[in-house]
Protein chains: 2
Amino acid sequence: MKLLAVQKVLGLLLVVFSATMLPPLAVSLLYRDGATLAFLWAFATILAVGLLSWAPVARHQRELRLRDGFLVVALFWTVLGLGGALPLVFSSDPSLSITDAVFESMSGLTTTGATVITGLDDLAPSILYYRQQLQWLGGMGIVVLAVAVLPMLGVGGMQLYRAEIPGPMKDAKLTPRITETAKALWYIYLGLTVACALGYRLAGMSAFDAVGHAFSTVAIGGFSTHDASMGYFSSAAIEAVAVVFMLFSGANFALHFLAWRRRSPLVYWHDEEFRFYLGLMTLSAALVTTALAVSETYLDWGESLSKGVFQTVSIGTTAGFTTANYYTWPPFPAILLLLLSFVGGCAASTGGGIKVIRLLLLIKQGIREVQRLIHPNAQIPVRMGNRSVTHRVVDAVWGFFSLYVASFVLMYLALTATGLDLMTAFSAVAACINNLGPGLADVGPHYQSLPDAAKWILCLAMLLGRLEIFTLLVLFAPSFWRN
Amino acid sequence: MKLLAVQKVLGLLLVVFSATMLPPLAVSLLYRDGATLAFLWAFATILAVGLLSWAPVARHQRELRLRDGFLVVALFWTVLGLGGALPLVFSSDPSLSITDAVFESMSGLTTTGATVITGLDDLAPSILYYRQQLQWLGGMGIVVLAVAVLPMLGVGGMQLYRAEIPGPMKDAKLTPRITETAKALWYIYLGLTVACALGYRLAGMSAFDAVGHAFSTVAIGGFSTHDASMGYFSSAAIEAVAVVFMLFSGANFALHFLAWRRRSPLVYWHDEEFRFYLGLMTLSAALVTTALAVSETYLDWGESLSKGVFQTVSIGTTAGFTTANYYTWPPFPAILLLLLSFVGGCAASTGGGIKVIRLLLLIKQGIREVQRLIHPNAQIPVRMGNRSVTHRVVDAVWGFFSLYVASFVLMYLALTATGLDLMTAFSAVAACINNLGPGLADVGPHYQSLPDAAKWILCLAMLLGRLEIFTLLVLFAPSFWRN
Ligand SMILES: [K+]
Ligand SMILES: [K+]
């Protein structure tokens, strides 16, 4: 462990992160909304802490190694989650406890979108802008993490895109490969954001809302500047833009990269994960629409369809925007969507959950086991795309799945121990570990009323989900800390 | 597929099964309880159907092959579940619909113990006896299935006891190995039952109740002759007997066999699964007791301890007896126990659930994956006992786990579609697929009020759980039916 090198990186990171206080500060000055000092103080504090961490070890020359990556990545999200809470702690409206501020910040940065704030429509524009920007930054971080960093560490669904596990070369340096890939991803992410903002603006949003919602759409974040979320606009055009960009952002960014380089949309169609993802969304939307219509939740099939499709894509990709209070729906469509959020987006998207490609692999392996019973002596490979998947990758996906389930169960138990009822606790863990946002029962509308202990547990859930479980859990292994 | 051979076996099976109507018929005559005709008709019908199935193909000589075993096993439980419903259909008190009668019969035979009957205390003794006997027969069937049949088919946790998967030899005959093993198991099962009945009798039960509860205890069934279940007796001695025999019956019967042959109780201690099983029960009982005491659910620590320990063992082994309405407990202890039922008993016990040894393997593999991230180039075997587990076995366990989860999710969705609320549906599927019995919310006390569709789905859940998922699912694979 090169703790000094880690400290140096995190110090630098905080210095850079402090700069992200400047845009909301500018918004605050522009609107004269009274939150200027909160952002100024946050800027100064984060900058100071960053410099104080960095300065003593600035001359430290040793490069980070791959194994240090786990620590850096975990601390990255933790430290920024805490730092990002500062403006919310310093501001007087909303007046949040430290727990609430951290929860909101972590929820933003992990693109979960669970909120403890109500009365958004009356909030200072700079605070609103800040929340949206947090999600956007988080989304950017996730894409880089998923495409460039985690595969090098041997974690994440992207492994499945290679013939063999990247097999973290023990002595490779972290930096160069990341920088190159990150730059390409950055352009795609920016491009999607600009296109989405234009789409929203043309569909009728104000410029402020268009930018803010483009931020949280492309990040699959789900924060909104209105309590009623997307429902505020009551606009089919806006909902259509949202659906399209949620679907895009829930797809693999490496695929966007490929499609863009080859100038061919066929790339999407050739991707097995993408086809399955679209198929699953379509099937779910059809089921939800039918359930809503049959149960007469809405007056006609048209409204059932529009609410059904929007909520299916929004919950299924784990964005978490709402045009309807899906937590008040009949049990079947409500739980169908919550369960769909466990699947979540594709690998290397900004979506949460277990990821489509892992589900696909689990299904294929389940089918293989059935086939093996029938043909016990046959060699039956599990194929993904045109390649057969190696044992090591299959093992990693199983391990991921079981740790996901285990983490879920333990946090579910912990939440019930804080006194939450069974469905509130269940859906809260699901909504946070899947980085979804809105849950069912008491956490359908917001998370304000939960006890503090529950909020901290849910912060952990968001982090575990966002860091693909392994990246965080590996830090708890004693052997990680041995030389 | 040798369908005629299958028909012959099932015909014979029904003929034998018809004989099990005679003991309750005798009880009915003894007590003159008015149910005599119901059992007589059931006896005649089952015998007739059996003979009619068997006679036309009696001269059919071809032996069953291993693959036919899947069909025989699945049909075995299905056909007996339906046949076992007959006395309940024919009897006038209780007056059950066909759905309810099948549900009760299937619940008995799969040793689930979920009931649609209330007012047990006033029921005809022969009907009460019959329900208990159904569980006992089911329990016997399960042990033989798990120890002797499923491993040959390549299904089930017992694989883990061998260095390699039994590797279903394609041309081996089914019969001889089963007969030999089954006989030994039968003595152990009978011995446990007699010992348990004596224990109950000495602890103060009537002879009738002692036999009946011994039947359902050793089978981990959970049916009782009283609405209040074990709570009816209000006796610490009876509860202690129950706890001991539930723990015994939840252990691997192959282990009992070994301990008996070697005349050494150390066999238990040397078994990794058994140690983990006891440890998990102890930990859970401690947590539940503490939660009950801290939440002041009961007046003092003594009562918290007695209710806590009994319910933990009863739900944890998936027996499902109750001395307390655990579904009215605070959320934490209630859901902890429901989740514990997913673990269930040891492999080749009469308990349900995923089985301790599979959980143990999943945990070990999860830990291995974390270790692999830290030491990417190391070969890290997964060990069970003193042996490293083969890839094929690990794959089978993962496949089992994912199909368990998938089956759970689909049936959960289906139940909510019949209109059940989210927690009722969740706990009903859990209680049935784990062959547990009592659930939470609306299915805490009994299953009477569910819609018929829900009851049929739950029958499927009980069967899937009891047949270790694979045995039933394999029949849905088109390649199973090809030559
Ligand atoms: K989200
Ligand atoms: K049971």
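Here the structure is a predicted model, which means the values were calculated and not measured. (Residues numbered from 1 in each chain as written. Chains lettered and ligands numbered in written order. Predicted model: local features only at pLDDT ≥ 70, side-chain atom pairs only at ≥ 80, totals over all residues. Heavy atoms only, no water.)

Trainee: Would you mind going over the packing of aromatic side chains in detail, with residue names and values included?
Mentor: A full pass over the atoms with the stated rule returns 51 aromatic pairs over all chains. Ring geometry for Phe76 of chain A versus Trp77 of chain A: centroids 5.0 Å apart, planes at 40 degrees, classification tilted. Take Trp77 of chain A: its relative accessible area is 2%, and that puts it in the buried class. A connected cluster of aromatic rings, assembled from ring pairs, spans Phe342, Phe408, Tyr412 and Phe426 of chain A together with Phe342, Phe408, Tyr412 and Phe426 of chain B. (Phe/Tyr/Trp six-rings, centres within 6.5 Å; stacked < 30°, edge-to-face > 60°. Buried < 20%, exposed > 50% of the residue type's maximum accessible area, 1.4 Å probe, protein only.)

Trainee: Describe the coordination of the potassium ion (ligand 1), and please don't skip the residues or the numbers.
Mentor: Residue and element names in this part refer to chain A. Here the potassium ion (ligand 1) is held by Thr111 (O), Thr112 (O), Ile220 (O), Gly221 (O), Thr318 (O), Ala319 (O), Asn435 (O) and Leu436 (O), and the distances to it run 2.5 to 2.9 Å. Mapped onto the sequence, the residues coordinating the potassium ion (ligand 1) show the spacing T-T-x107-I-G-x96-T-A-x115-N-L. Here the residue Gly221 occupies a position in the loop between α9 (207–218) and α10 (236–249), and Ala319 occupies one in the loop between α14 (301–316) and α15 (331–343), the gap between them amounting to 98 residues. Given the relative accessible area of 0%, Ala319 is considered buried. (Donors = N, O, S within 2.8 Å, 3.2 Å for Na, K, Ca; no water. Helix = DSSP H or I, 4+ residues; strand = E, 2+ residues; numbered from the N terminus.)

Trainee: Describe unusual backbone geometry, naming the residues involved and giving the relevant values.
Mentor: Look at the link from Asp93 of chain A to Pro94 of chain A: it is a cis peptide, with omega at 10 degrees. Even without glycine at this site, Arg263 of chain B takes up a positive phi of about 50 degrees. Relative to the helices and strands, Arg263 of chain B resides in the loop between α11 (253–262) and α12 (266–270).

Trainee: A description of the UniProt feature "binding site: K(+)" (unreviewed entry) in chain A should follow, citing residues and the corresponding values.
Mentor: All names here are of chain A. Residues annotated by UniProt as "binding site: K(+)" (unreviewed entry) correspond here to Thr111, Thr112, Ile220, Gly221, Thr318, Ala319, Asn435 and Leu436. The largest pairwise C-alpha distance within this set of annotated residues, which runs over 326 residues, is 9.1 Å, so the set is compact in three dimensions. Mapped onto the elements, Thr318 comes out in the loop between α14 and α15. Those residues in contact with Thr318, other than ones at most four positions away along the chain, are Ile220, Ser341, Gly344, Gly351, Gly352, Gly353, Asn434, Asn435 and Leu436. Inspection of the secondary structure puts Asn435 in the loop between α18 (422–433) and α19 (452–466). With a relative accessible area of 0%, Asn435 lands in the buried category. In this structure, Asn435 is in contact with Thr110, Thr111, Thr112, Ile220, Thr318, Gly352, Met462, Gly465 and Arg466, ignoring residues within four places of it in sequence. Polar contacts involving the side chain of Asn435 include one to the side chain of Thr112, which spans 2.9 Å. (UniProt positions renumbered as here; feature names shortened; annotations may be inferred. Contact = heavy atoms within 4.5 Å. Polar contact = N/O pair within 3.5 Å; in protein donor to acceptor, adjacent residues only side chain to side chain.)

Trainee: Break down the coordination of the potassium ion (ligand 2) for me, citing the residues and quoting the values.
Mentor: Residues and elements named next belong to chain B. For the potassium ion (ligand 2), the full set of protein donor atoms is Thr111 (O), Thr112 (O), Ile220 (O), Gly221 (O), Thr318 (O), Ala319 (O), Asn435 (O) and Leu436 (O), at a range of 2.5 to 2.9 Å. Positions of the donor residues of the potassium ion (ligand 2) along the chain correspond to the pattern T-T-x107-I-G-x96-T-A-x115-N-L. In this pair, Thr318 sits in the loop between α14 (301–316) and α15 (331–343) while Leu436 sits in the loop between α18 (422–433) and α19 (452–466), placing the two residues 118 residues apart along the sequence. For Thr318, a relative accessible area of 0% translates into the label buried. Overall, the relative accessible area of 0% leaves Leu436 in the buried class.

Trainee: Help me get a handle on the packing of helix α13 (residues 272–294) of chain A against helix α16 (residues 356–374) of chain A, residues and values and all.
Mentor: Residues and elements named next belong to chain A. The N-to-C vectors of α13 and α16 enclose an angle of 95 degrees; their axes lie 9 Å apart at closest approach. Between α13 and α16, the angle falls in the class roughly perpendicular. Here α13 contributes Glu272, Glu273, Phe276, Tyr277 and Leu280 to the contact with α16, which in turn contributes Val356, Ile357, Leu359, Leu360, Ile363 and Lys364. (Axes fitted to C-alpha atoms, helices over the stretch in contact; angles between N-to-C directions. Parallel < 35°, antiparallel > 145°, perpendicular 65-115°, else oblique.)

Trainee: Now, about the interface of chain A and chain B: what can you tell me, with residues and values included?
Mentor: It is common to give the size of an interface as the accessible area that goes away when the parts come together. Each partner contributes residues to the interface: chain A has 50 residues there, and chain B has 50 residues. Around 4,500 Å² of area is buried between chain A and chain B when both sides are counted, 73% of it from carbon and sulfur atoms. Three residues, Leu373, Ile374 and Arg392 of chain A, lead the burial of chain A against chain B; their summed loss comes to 15% of the area buried on that side. At the junction of chain A with chain B, the criterion picks out four salt bridges. (Buried area = accessible area lost by both parts, 1.4 Å probe. Salt bridge = Lys/Arg side-chain N within 4 Å of Asp/Glu carboxyl O.)

Trainee: Describe the relation of the copies chain A and chain B, and please don't skip the residues or the numbers.
Mentor: Its rotation angle being 180 degrees, the transformation that places chain A on chain B also includes 0.0 Å of axial translation and leaves an RMSD of 0.0 Å. Such a combination of turn and shift is consistent with a two-fold rotation axis. The overlap is high: 100% of the interface residues of chain A also sit at the interface in chain B, so the same surface is used on both sides. (Least-squares fit on C-alpha atoms with pLDDT ≥ 70 in both.)

Trainee: Provide a residue-level description of the nonpolar core, including the pertinent values.
Mentor: Within the largest apolar cluster, 274 residues are counted, with the highest numbers of intra-cluster contacts made by Ile335, Tyr412 and Tyr447 of chain A together with Tyr200, Ile335, Tyr412 and Tyr447 of chain B. The element best represented in this core is helix α7 (residues 125–153) of chain B, accounting for 16 residues. Look past the residues within four positions of Tyr447 of chain A in its chain and what remains in contact with it is Phe103, Ala114, Thr115, Val116, Ala428, Ala431, Cys432, Gly437, Pro438, Gly439, Lys455 and Leu458 of chain A. Listed in part, the 38 residues of the second largest apolar core include Trp136, Cys196, Ile238 and Ala319 of chain A. (Core = buried A, V, L, I, M, F, W, Y, C linked by side-chain atoms within 4.5 Å.)

Trainee: With reference to specific residues and values, describe the pattern of salt bridges.
Mentor: In total, this model carries 16 salt bridges over all chains according to the counting rule given. Across the salt bridge formed by Asp395 of chain B and Arg368 of chain A, the nearest N and O atoms sit 3.3 Å from each other. Of the two residues, Asp395 of chain B sits in helix α17 (residues 391–417) while Arg368 of chain A sits in helix α16, which places them in two different chains. Summarising the burial analysis for this pair, Asp395 of chain B and Arg368 of chain A share the class buried. Between Arg358 of chain B and Glu468 of chain B there is a salt bridge, with its nearest N and O atoms 2.7 Å apart. Here the residue Arg358 of chain B occupies a position in helix α16 (residues 356–374), and Glu468 of chain B occupies one in the loop between α19 and α20 (470–473), the gap between them amounting to 110 residues. The pair Arg358 of chain B / Glu468 of chain B is uniform in exposure class, with both members buried. Members of the salt-bridge network, linked through shared partners, are Arg368, Glu369 and Arg372 of chain A together with Asp395 of chain B.

Trainee: Lay out the confidence of the model for chain A with the relevant residues and their values.
Mentor: Of the residues in chain A, 93% have a pLDDT of 70 or more, and the chain-wide mean is 88. Every residue in residues 159–175 of chain A is under pLDDT 50, and counting partners more than four places away or in other chains gives 44 contacts. (pLDDT = per-residue confidence, 0-100.)

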